[in-house]
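Per-entry structural report
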Amino acid sequence: MFRLAHLSDPHLPMPQARPSELLGKRLSGYANWWRHRVHLHRPEALAAIVRDISDARPDHIALTGDVVNVSLEEEFRRAARWLAELAPADRLSLVPGNHDAYVPQRWDRALGGWAAWMAGDGGAPPRGPGDFPFLRRRGPIALVGLTTALPTPTFFATGRLGGAQIERCEEMLRRLGANGLYRVVLIHHPPLAVGSRHKRLSDVLAFQAMLRRVGCELILHGHTHRSEVARLDGPAGPVPVLGVTSASAAVESRYGRARWHLIEIERAGAGWQTRVAVRAARADGACEDDGRYSFRTA
Ligand SMILES: [Fe+2]
Ligand SMILES: [Fe+2]
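Residues numbered from 1 in each chain as written. Chains lettered and ligands numbered in written order. Predicted model: local features only at pLDDT ≥ 70, side-chain atom pairs only at ≥ 80, totals over all residues.

Our focus in this paragraph is the sheet that holds strand S11 (residues 271-281). Read across the sheet, six strands follow the order S3-S2-S1-S10-S11-S12 without closing on themselves; strand pairing throughout is mixed. Pairing within the sheet leaves two strands with one partner each, and these edge strands are strand S3 (92-94) and strand S12 (287-297). Adjacent strand axes in the sheet meet at a mean angle of 20 degrees, parallel and antiparallel pairs treated alike. Of the strand pairs in this sheet, S11 and S12 are connected by nine bridges, and their pairing is antiparallel. Bridge assignment links Val276 to a residue of S12, and that residue is Tyr293. (Pairing = 2+ DSSP bridges. Helix = DSSP H or I, 4+ residues; strand = E, 2+ residues; numbered from the N terminus. Axes fitted to C-alpha atoms, helices over the stretch in contact; angles between N-to-C directions.)

Here the focus is the environment of Asn179. When you line up the elements, Asn179 lands in the loop between helix H4 (163-178) and strand S6 (182-186). It is 31 Å that separates the C-alpha atoms of Asn179 and Gly112, two residues lying 67 residues apart in sequence.

Glancing now at the nonpolar core. Ranked by internal contacts, the top residues of the largest apolar core, which has 72 residues, are Ile49, Val144, Leu146, Val184, Leu186, Ile219 and Ala258. Among the elements that line this core, the one with the most residues is helix H2 (residues 43-56), at five residues. Residues contacting Val144, with those up to four places away along its chain left out, are Pro133, Leu135, Cys169, Met172, Leu173, Arg183, Val184, Val185 and Leu186. (Core = buried A, V, L, I, M, F, W, Y, C linked by C-beta atoms within 7 Å. Buried ≥ 20, exposed ≤ 12 C-beta atoms within 10 Å, placed from the backbone. Contact = placed C-beta atoms within 7 Å.)

All right, on to the pairing of S11 then. Consecutive side chains along a regular strand alternate between the two faces of the sheet. Bridge count for strand S10 (residues 259-268) against S11 is 10 bridges, and the pairing is antiparallel. What sits directly across from Glu266, in S11, is Gln273. The antiparallel hairpin formed by S10 and S11 contains two residues in its connecting segment, where Gly269 sits at a positive phi of about 60 degrees. The hairpin formed by S11 and S12 contains five residues between the paired strands, and Gly285 there has a positive phi angle of roughly 90 degrees.

Turning next to the sheet that holds strand S8 (residues 228-234). Taken together, the six strands give an open sheet; going across it, the order is S4-S5-S6-S7-S9-S8, and neighbouring strands pair in mixed fashion. Among the strands making up the open sheet, the edge pair consists of strand S4 (134-138) and S8. Here the strands of the sheet are splayed against their neighbours by 25 degrees on average, with no regard to which way each runs. Note that S8 and strand S9 (residues 237-243) share seven bridges and pair antiparallel. Residue pairing in the sheet places Glu228 in a bridge with Gly243 of S9. Contacting S4, strand S5 (141-145) and S6, H4 runs over the sheet at an angle of about 175 degrees to S5.

Rendered as structure tokens:
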């Protein structure tokens, strides 16, 4: 059995910014953090989630983006230290979210600092979004990491994969499927044609068409800050699409308590059995079971 931990959207605490850093979209995002989000995302909730994941000793950790808030250079540096404490790069796979590409930036001063956690097996770390998806194999599991993160105008939190990335993803999934692997796709934006136009994945229909051709066994996303499950059509039946609550959501936040998912994957006959335990943070700093999902895939 393979045990995969999924967490998302930690939105790490914001450092103080210099006025010169707060031009354009960053200014509204920064003000919004100190007015609202600082109460929604709590370091003690995130500490409870991290402790519980560490106690569970999963085989691998998937983190589906929005690690920071307005993409300050200091946020990237602090986040790199937080990532290093959470897990070594070969045990944690990260895909970026819209808050990790909040404004246009040089790769080496921003996401490049996290490249080790986004590097495919045996390859060079990504030097930009054009190097996605990455592929990592762990036993019978293949993790395919996509980027949907790109700077957007103020008040927009949309994402985009782009035709070239979807093509590379299709080729990868086809090959991995032919080899009988359990394919997990990591993507920040839910690949679902629901929700506000200001927040969704703009080329979601192209992704869904690709999935109908080649399929995968599981899709993990963040962005909605909710623990939820949906299904998309694949060639051999429905593909489960699993979102998770922000890992730093305050107990009383509108998203509900901070959560992470422990996903247990094992072969069942010619297919797979996937069991998901939802773990939620309590006010006393411990975590508890908060529901289960179960999927049988061909
Ligand atoms: Fe988020
Ligand atoms: Fe997001």
